[in-house]
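Geometric and topological summary
Okay, here's what each chain looks like letter by letter:
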Amino acid sequence: MRPVEEKWEEIKNSVIADYDISSIAVKTWIDPMEYYSETEDTVTIMLPNNKAKILDLITNKYRDIFIIAISEALNNDYEVNFIVDDVKPQENAVVQNTNSENESTNSSLIKKYTFDNFVTGNNSFAVSACLAVAETAGTDNNAYNPLYIYGGSGLGKTHLMHAIGNYLNEHNPSLKILYVTSENFTNEIVNSLRSDKKYNTDSMSVLKDKYRNVDVLLIDDIQFVIGKEATQVEFFNTFNSLYENGKSIIISSDKHPKYMETLDERYLSRFQMGLQVDVQPPNYETRKAILDQLNQKHGNKIDDDILIYITDNISSNIRELEGAYNKLIALSRISSDKITLEMAKNSLKDIINPNKTKVINFEIIMEEVSKHYNISVNDILSNKRNKEIATARQIIIYLCDKLTDDSKVNIANKMKRDHSTVNHSINKIKESIENDPIFEKNIESLIKTITSL
């Protein structure tokens, strides 16, 4: 007889009801929990493998709650352990990402960006980490500080940033939360410095108070701060002040801090003190789920065969996915006829052209790598040998060999290098991919970007 197993669902339901756990926390933390085993005095609860990195957080947050719930259900005291199932495949949740701005709170948060309407898909760990930060900000168990969210444009980083802030506004309204884009942060610094110099004001002191007297600071697209000396210095002084006082810092960027070439080593170490999570391009199921949710929101005005057509042909960017759908909704409002697949194809021909042959060449790869690493083409083709430029150069050679029909001799000529350098570069990148998972993900991201152009 296993009394805990028999009453497992009842126990979970009492945990949810008695402790007023939010719906997103139920979906993220409680629902995935499964009964695993029990002895006379210990109950073991199993979590899916995508919760492995946050096992300690879940244990600290829910262990005592389950001890009480089990005791009340069975009138018997049990110890509770949590384990991770390393065999069970990771489950995918569902998420929608939107772009249009909505009514903002006084902390500049867009209310419509929440955890509940973010289609998780293949980004379950990123969502779990963001929720963990939202649940622990302002407490002694301030998880993963700083949290660094990175990934390509249009994948949902900003949505997750606002979701954290909105969750805090709802569940911990006493906290002072400040969300700012790096562009606005930079403008405020520049304007304050100018004002102090021109009018002998005290604007910088006021600005410092604004940013350093908060409980949670969220800065979006931090890559635009890096390299601007005055802004960069002020940001890191603010960062240090908040961190030393136990305040939460959430940052987003287009790449892992390790690949921000102009980032000083002392700043790199600060970014890597907490947790870095990447937001991946949506897989097929996630893209379809996003469109299905959008369609449901609009009364299922678009037929499923059209949604499948969009899903098949837009793969790298959620923003483009939603843009295609919104264009069809606009068409449905001005057309008296039902939207057909042919009408959709004609309307979306500036976005989708499945018959167009994708030609990947040296120039495209050079442009994308240059943009990705924020290094000029002239520097890449120069004789400069610093590590950042040399790595970008090697990546271009590797990608040209992998993605184009160019011979190694042609690649060498275009890169203004000799044949041996090309071979060395290819082998060097292959070795880095094999030995560095972060570097491997970075190369995969570049390939996805280039092949989706």
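Structure first, text after, so check above.
Everything in this summary refers to the structure shown in the same document. (Residues numbered from 1 in each chain as written. Predicted model: local features only at pLDDT ≥ 70, side-chain atom pairs only at ≥ 80, totals over all residues. Heavy atoms only, no water.)

Attention shifts here to the overall build of the protein chain. From N to C terminus, the protein chain includes 20 helices and 10 strands. By its C-alpha atoms, the protein chain is 80 × 65 × 55 Å across when sized along the principal axes. Counted over contacts in the protein chain with a minimum sequence separation of 6, partners at least 24 positions apart contribute 71%. Taken as a whole, the protein chain presents about 22,300 Å² of accessible surface, with 45% of it coming from carbon and sulfur. Measuring between centres, the 51 positive side-chain charges of the protein chain sit 9 Å from its 66 negative side-chain charges. (Helix = DSSP H or I, 4+ residues; strand = E, 2+ residues; numbered from the N terminus. Contact = heavy atoms within 4.5 Å. Areas by Shrake-Rupley, 256 points an atom, 1.4 Å probe, with all protein chains shown as cover. Lys, Arg positive; Asp, Glu negative; His and termini not counted. Charge placed at Lys NZ, Arg CZ, Asp CG, Glu CD.)

So, on to helix H2 (residues 8-18). Helical geometry note: an α-helix holds 3.6 residues per turn, so side chains three or four residues apart project in the same direction. Buried within H2 we find Trp-8, Ile-11, Lys-12 and Val-15. The buried residues of H2 occupy an angular sector of 100° when projected down its axis, which confines them to one face. More than 90 degrees from the buried face of H2, the exposed residues found are Ala-17 and Asp-18. On its buried side, H2 packs onto helix H1 (3-6), helix H3 (23-30), strand E1 (34-38), strand E2 (42-48) and helix H4 (55-74). (Buried < 20%, exposed > 50% of the residue type's maximum accessible area, 1.4 Å probe, protein only. Arc of directions from axis to C-beta.)

Throughout the structure, instances matching the rule amount to 15 salt bridges. For Asp-215, the salt bridge identified is with Lys-247, shortest N-O distance 3.1 Å. Of this pair, Asp-215 sits in the loop between helix H8 (203-212) and strand E8 (216-220) while Lys-247 sits in the loop between helix H9 (229-244) and strand E9 (248-253), placing them 32 residues apart in sequence. Judged by relative accessible area, which is 17%, Asp-215 ranks as buried. On the accessibility criterion, Lys-247 (26% relative accessible area) is partly exposed. Close ionic contact of Lys-338 with Asp-303 constitutes a salt bridge, the shortest N to O distance being 3.0 Å. Taken together, the residues span a long stretch of sequence, with Lys-338 in the loop between helix H13 (318-334) and helix H14 (341-347) and Asp-303 in the loop between helix H11 (284-297) and helix H12 (304-313) at a distance of 35 residues. Accessibility expressed as a relative area gives 30% for Asp-303, which makes it partly exposed. (Salt bridge = Lys/Arg side-chain N within 4 Å of Asp/Glu carboxyl O.)

On to the side chain of Asn-166, then. Mapped onto the secondary structure, Asn-166 falls in helix H6 (residues 157-171). Of the polar contacts made by the side chain of Asn-166, one reaches the backbone oxygen of Tyr-113; its length is 2.7 Å. (Polar contact = N/O pair within 3.5 Å; in protein donor to acceptor, adjacent residues only side chain to side chain.)

Here the focus is the nonpolar core. Met-33, Tyr-62, Phe-66, Phe-115 and Leu-147 are the most contacted members of the largest nonpolar core, which totals 60 residues. Look past the residues within four positions of Phe-66 in its chain and what remains in contact with it is Trp-8, Ile-11, Lys-12, Val-15, Ile-30, Met-33, Ile-45, Val-80 and Phe-82. Of all hydrophobic cores here, the second largest spans 29 residues; its members include Ile-365, Ala-392, Tyr-398 and Ile-447. (Core = buried A, V, L, I, M, F, W, Y, C linked by side-chain atoms within 4.5 Å.)

Across all of its chains, the model carries one cavity of 30 Å³ or more by this definition. Each pocket or cavity is described by its volume, and for the largest cavity that value is around 40 Å³. The residue inventory of the lining of the largest cavity, partitioned by class, reads six nonpolar, six polar and no charged. (1 Å grid on protein atoms, 1.4 Å probe; cavity = no way out; pocket = protein on both sides within 12 Å on 5 of 7 lines; lining within 4 Å. Points joined across faces, edges and corners; volume = space filled by probe spheres on them. Nonpolar A, V, L, I, M, F, W, Y, C, P; charged D, E, K, R; others polar.)

Below, the discussion takes up the sheet that holds strand E7 (residues 177-181). Taken together, five strands build an open sheet; the order of strands is E7-E8-E9-E6-E10 and the sheet is parallel. The strands lining the two open edges of the sheet, one partner per strand, are E7 and strand E10 (275-278). Strand-to-strand twist of the sheet, defined as the mean angle between neighbouring strand axes without regard to direction, takes the value 15°. Across five bridges, the pairing between E7 and E8 is parallel. Counted as the bridge partner of Val-180 is Ile-219 from E8. The sheet strands contacting helix H7 (residues 182-199) are E7 and E8, and the helix crosses E7 at an angle near 90°. (Pairing = 2+ DSSP bridges. Axes fitted to C-alpha atoms, helices over the stretch in contact; angles between N-to-C directions.)

This brings us to the pairing of strand E3 (residues 79-85). Walk down a regular strand and you will see the side chains alternate between the two sheet faces. Relative to E3, E2 runs parallel, the two being bridged by seven bridges. Of the residues in E3, the one forming a bridge with Thr-42 is Glu-79. In the classification by handedness, the crossover that spans E2, the intervening H4 and the parallel E3 is right-handed. (Right-handed = clockwise from strand over helix to strand, strands pointing away.)

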